[in-house]
Amino acid sequence: MTTASNIHADSDVLTRTLRRERAARKRAEQLLEDKSRELYQAQDELRKQYDSLAETQLQLVQSEKMASVGQLSAGIAHEINNPIGFVTSNVSTLADYVDVLSDLVQRYDRVVQAVAQGDANASSQELEEIARIREAEEIDYLLGDCRKLLDESLDGLRRVREIVQSLKSFVRLEQEADQDVDLRDGIEATLRVVWNELKYKCTVDKQLHAIPHVRCHPGEINQVFMNLLVNAGQAIDKQGTVRITTSSTEAHVVVSISDDGCGIPEENLSKLFTPFFTTKPVGSGTGLGLSVSYGIVEKHGGTIEVSSTVGEGTTFIVKLPISPTMSAE
Amino acid sequence: MKGIVFTCLNEMVEDTFGVAAWDDMLGQAHLDGVYTAADTYADAEMLALVGAMSDRTGTAPADLIREFGKYMLPKMAEQYPVFFPPGMVARQFLLSVHDIIHVEVKKLFPDAELPTFQYEMPADDQLVMVYRSRRQLCVLAEGLIEGAAAYFGEQLRYKQSQCYHQGDDHCRIEICFMGPGTRGDENDNCQ
């Protein structure tokens, strides 16, 4: 039989149970809130670390590039010095030529004056002297040589200008927007920068077929070409060929850079794109070139692949997506 | 000990003996009984609750804890179905406790102090679980093993050849699986 005291006891139990449940719920809510806050803070921290990592990576790419350019600087200086040398020599010769020609012009002036004054004797003497000088100084040859020296000097200066422009495309900071570019221009510019590394022992076989434009950061992509070309050159011990080929598929532009050098042992192939992995002697490589190149190509939505046979050579294939504006056409 | 063990015990007591019984037990153990699954509580609270429950039912604490393990397993399956994929059998489940379930528990509750299990597989139908825990609650593991058998509809036998409570430094639970629908006394290779 249910009594009033039983009902009262049941009610007490239920009240206590309810209070416990409520307290437990509040505690659970508190825990949830704490967890949410922790999660937010952890995410915030992660975001900061990610940003800092991205910044570090940017600096790393820049440092690697500057290190590469630094290592190439002696060769680049040589490439610039060579034309500067012959341009200087040409200008010096031209200065001597100008002296001779200037003397002749003065003598012709005097002939004109003598003729005007009716002094036939003076004019005839001066003309004889002019003829003697023309003979002695080989004026006809000199005039022809002037043109040759000027053309050669202009060519030399153009070479210097191209090298400097190519260098500028490497060393400018990576803040500018992506552009639609013909990768063949980048390959040519890069070849100018690394030419001194290749020219003594490599025949460079360029098969640069017409390719669609690629939307990219030209400075960064040139950095990839530079790494691959320098590596190709270093793989060749005495004499060899570096072959650069461009082609395209439906969606990608394909640049292949191969050498017939020493090749890469199988056990090193998998480590090739690992940061700080290098087989070069200390001071010759940062060990970052290929890992940075990998990062650059990946950032551009492309791929970089390598195949190699020891003793036969190595081929790197870079694939980059065709610019959306090109594929829309 | 994680709060989920307490909330599960709370459910078991209320389901079996009613709301008033749990309320009584809390009063007897002098506990406020505010338990939340994600929080952590002193082991002593669990011991006090089991003590109170033993006093109330006249059942030995070890038997109560084993029963609790049996009760807890299907509750876990209900709450964490990801650990009980279709087609799983009891042996697979028990093998997943240390390397999968406890790893996931640690992700949710980094402060959880979990027992460790090492496994030996002497035969396809046998499994040895070597249990180590400061809490020495091997009977809870036994209850969970029995609960797993019931949940997966299997028959199994087990025995402890070594145990903390016999002076050993770990517990060795030797399990023999007898498949679904077979009786314990048939095809019993578990000697």
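Above this text sits the structure in question.
Residues numbered from 1 in each chain as written. Chains lettered and ligands numbered in written order. Predicted model: local features only at pLDDT ≥ 70, side-chain atom pairs only at ≥ 80, totals over all residues. Heavy atoms only, no water.

Colleague: Would you explain the overall build of chain B in this entry?
Modeller: Looking only at helices and strands, chain B features six helices and four strands. Going from the N terminus to the C terminus, chain B shows its helices and strands as α-α-α-α-α-β-β-α-β-β. The buried share of chain B, taken over its 191 residues, is 47%. Surface summary for chain B: the accessible area is close to 9,500 Å², and the carbon and sulfur share equals 53%. (Helix = DSSP H or I, 4+ residues; strand = E, 2+ residues; numbered from the N terminus. Buried < 20%, exposed > 50% of the residue type's maximum accessible area, 1.4 Å probe, protein only. Areas by Shrake-Rupley, 256 points an atom, 1.4 Å probe, with all protein chains shown as cover.)

Colleague: Please clarify how the sheet that holds strand 1 (residues 116–120) of chain B should be interpreted in this entry.
Modeller: Strand pairing in a sheet takes place through backbone hydrogen bonds and is either antiparallel or parallel in direction. All names here are of chain B. If you walk across this open sheet you meet the four strands as 1-2-4-3, and the pairing is antiparallel. Each edge of the sheet is formed by a strand with only one pairing partner; in this case those strands are strand 1 and strand 3 (156–162). Here the average twist between neighbouring strands, direction ignored, is 25°. For strand 3 and strand 4 (residues 171–177), the ladder comprises six bridges, and the chain directions are antiparallel. The residue bridging Arg157 from the neighbouring strand is Cys176, located in strand 4. (Pairing = 2+ DSSP bridges. Axes fitted to C-alpha atoms, helices over the stretch in contact; angles between N-to-C directions.)

Colleague: Even after reading the chapter, I still don't get the pairing of strand 5 (residues 252–259) of chain A, so can you show me in this structure?
Modeller: Note on strand geometry: in a regular strand, side chains alternate between the two faces of the sheet. Residue and element names in this part refer to chain A. Among the eight residues that make up strand 5, seven are buried, leaving the element largely enclosed by the rest of the structure. Bridge analysis of strand 4 (residues 240–248) against strand 5 gives seven bridges, and the strand direction is antiparallel. Across the sheet, the residue bridging to Thr245 is Ser256, located in strand 5. The antiparallel hairpin formed by strand 4 and strand 5 contains three residues in its connecting segment. Bridge analysis of strand 5 against strand 7 (residues 313–321) gives eight bridges, and the strand direction is antiparallel. Paired with Asp259 across the two strands is Thr314, which belongs to strand 7.

Colleague: Mind showing me how you'd approach the packing of aromatic side chains here?
Modeller: How two aromatic rings sit relative to each other is set out by the distance from centre to centre and by the angle between their planes. All told, the structure shown has twelve aromatic pairs over all chains when counted by the stated rule. Taken together, a centroid distance of 5.1 Å and an interplanar angle of 45° make the contact between Phe273 of chain A and Tyr294 of chain A tilted. Of the two residues, Phe273 of chain A sits in the loop between helix 6 (266–269) and helix 7 (289–299) while Tyr294 of chain A sits in helix 7, which places them 21 residues apart along the sequence. Overall, the relative accessible area of 35% leaves Tyr294 of chain A in the partly exposed class. Centre to centre, the rings of Phe84 of chain B and Tyr151 of chain B are 5.3 Å apart; their planes meet at 65°, and the pair counts as edge-to-face. With Phe84 of chain B in the loop between helix 4 (61–79) and helix 5 (90–108) and Tyr151 of chain B in helix 6 (residues 138–152), this pair connects stretches of sequence that are 67 residues apart. Members of the aromatic cluster, each reached through a chain of ring pairs, are Phe84, Phe93, Tyr151 and Phe152 of chain B. (Phe/Tyr/Trp six-rings, centres within 6.5 Å; stacked < 30°, edge-to-face > 60°.)

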